[in-house]
Amino acid sequence: MENRIAALRKERRISQAELADAVDVTRQTIISLENGRYNASLLLAHRIAAYFGLTIEDVFLFEEERT
Amino acid sequence: MKKKTIFAALGLVLAVGLGLAAFFLDGRISDAAGGALFGLGGALLGICVTALIGDRIESRMTPEERRELERGERDERNAAIRDRAALKSWYWTLYLLWGLFFLTLILERGPFFALVTVTIVLHCVFYLINLGRVAREM
């Protein structure tokens with residue numbers, strides 16, 4: 001599952017540490033999410049989307065949607 | 001003082017006591033009992049020293065560092081890593097036990113064969129019990 005976390009973060013000039021703080025995870029989790037090595041739980045996906053003021057579908061791109 | 005620290009300190013005293021008992025009772029109790037006392041004392045010593053060192057490190061942390069540590073423990077990726085590592089360790093231990101099972105079978109070591117067999121059964125039973133418990137929780 002791909003996501004737009006890195007792009008959204010850069011667009012809004014937010015650091016990985018700030019995002020990690022806001023959604024209550026470690027910075028390493030944000031790095032892994034951005035690299036696509038880890039898929040967020042529904043709860044974390046919801047928290048990240050809410051932080052950016054977007055819906056989950058706006059932030060996370062599901063495989064079926066890309067094809 | 002925290003409850004955890006008090007228990008760790010008491011455990012440390014008990015561990016030293018067990019070690020000393022094994023040392024001074026040498027010759028008056030069986031070798032197996034002496035080995036069990038010494039082994040138990042050693043294991044307890046390891047657990048308690050680790051707990052006390054962990055406590056000491058934690059007490060020296062700044063509030064920010066402590067918050068970061070707590071977040072690391074709650075972090076869902078860390079939890080997933082811990083779960084996967086635990087499951088892999090379970091399989092590795094099972095393979096190791098099977099290896100010991102065949103070794104004791106070939107070497108015809110009756111008591112050890114029985115011990116390994118019981119350990120394999122318990123290893124699998126605990127896994128099944130926890131599977132059931134977790135399944136009920138989810």
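Worth saying up front: this structure is predicted, and the values here are computed from it rather than measured.

So, how was this worked out
- Residues numbered from 1 in each chain as written.
- Chains lettered and ligands numbered in written order.
- Predicted model: local features only at pLDDT ≥ 70, side-chain atom pairs only at ≥ 80, totals over all residues.
- Heavy atoms only, no water.
- Patch = residues over 30% accessible without salt bridge, like charges linked within 9 Å, V, L, I, M, F, W, Y side chains within 5 Å.
- Areas by Shrake-Rupley, 256 points an atom, 1.4 Å probe, with all protein chains shown as cover.
- Salt bridge = Lys/Arg side-chain N within 4 Å of Asp/Glu carboxyl O.
- Helix = DSSP H or I, 4+ residues; strand = E, 2+ residues; numbered from the N terminus.
- Buried < 20%, exposed > 50% of the residue type's maximum accessible area, 1.4 Å probe, protein only.
- Lys, Arg positive; Asp, Glu negative; His and termini not counted.
- Polar contact = N/O pair within 3.5 Å; in protein donor to acceptor, adjacent residues only side chain to side chain.
- Contact = heavy atoms within 4.5 Å.
- Buried area = accessible area lost by both parts, 1.4 Å probe.
- Nonpolar A, V, L, I, M, F, W, Y, C, P; charged D, E, K, R; others polar.

Once that is clear, we can look at a nonpolar patch on the surface. A grouping of Val16, Leu20, Phe23, Phe24, Leu45, Val49, Ile53 and Ile57 of chain B is seen on the molecular surface, where their side chains present a nonpolar patch of about 750 Å² in accessible area. Broken down by secondary-structure element, the contributors of at least two residues to the nonpolar patch are helix 1 (3-24) and helix 2 (31-59) of chain B.

Moving on to the side chain of Asp75 of chain B. With respect to the helices, strands and loops of the structure, Asp75 of chain B is situated in the loop between helix 3 (63-74) and helix 4 (76-106). Buried and without a salt bridge, Asp75 of chain B has Arg77 of chain B as its closest oppositely charged side chain, separated by 5.1 Å. A polar side-chain atom of Asp75 of chain B sits 2.7 Å from a polar atom in the side chain of Thr29 of chain A. The contact partners of Asp75 of chain B, leaving out residues within four places of it in the chain, are Val25, Thr26 and Thr29 of chain A.

In this section: the side chain of Glu76 of chain B. Locating Glu76 of chain B in the fold gives a position in helix 4. There is no salt bridge for the buried Glu76 of chain B, and the closest opposite charge comes from Arg47 of chain A, which lies 5.8 Å off by N-O distance. Each residue touching Glu76 of chain B, except ones within four places of it in the same chain, is listed here: Tyr38, Asn39, Ala40, Ser41 and Leu44 of chain A.

Looking now at the interface of chain A and chain B. Interface size is commonly expressed as the accessible surface area that is lost when the partners come together. Contacts between chain A and chain B engage 13 residues on the former and seven residues on the latter. For the pair chain A and chain B, the summed buried surface comes to about 870 Å²; carbon and sulfur atoms form 38% of the total. When the buried surface of chain A facing chain B is broken down by residue, Asp24, Thr26 and Tyr38 of chain A rank first, second and third, together holding 51% of it. In this assembly, chain A and chain B are joined by three salt bridges. Between Arg74 of chain B and Asp24 of chain A there is a salt bridge, with the nearest N and O atoms lying 2.8 Å from each other. Where chain A packs against chain B, one counts eight residue pairs in polar contact (both at pLDDT 80 or more). If you list the elements that add at least two residues to the side of chain A that touches chain B, you get helix 2 (16-23) and helix 3 (27-35) of chain A. Sort the elements by how many residues they give to the side of chain A that touches chain B and helix 3 of chain A lands first, with three residues. Across the side of chain A that touches chain B, the residue classes break down as five nonpolar, six polar and two charged.

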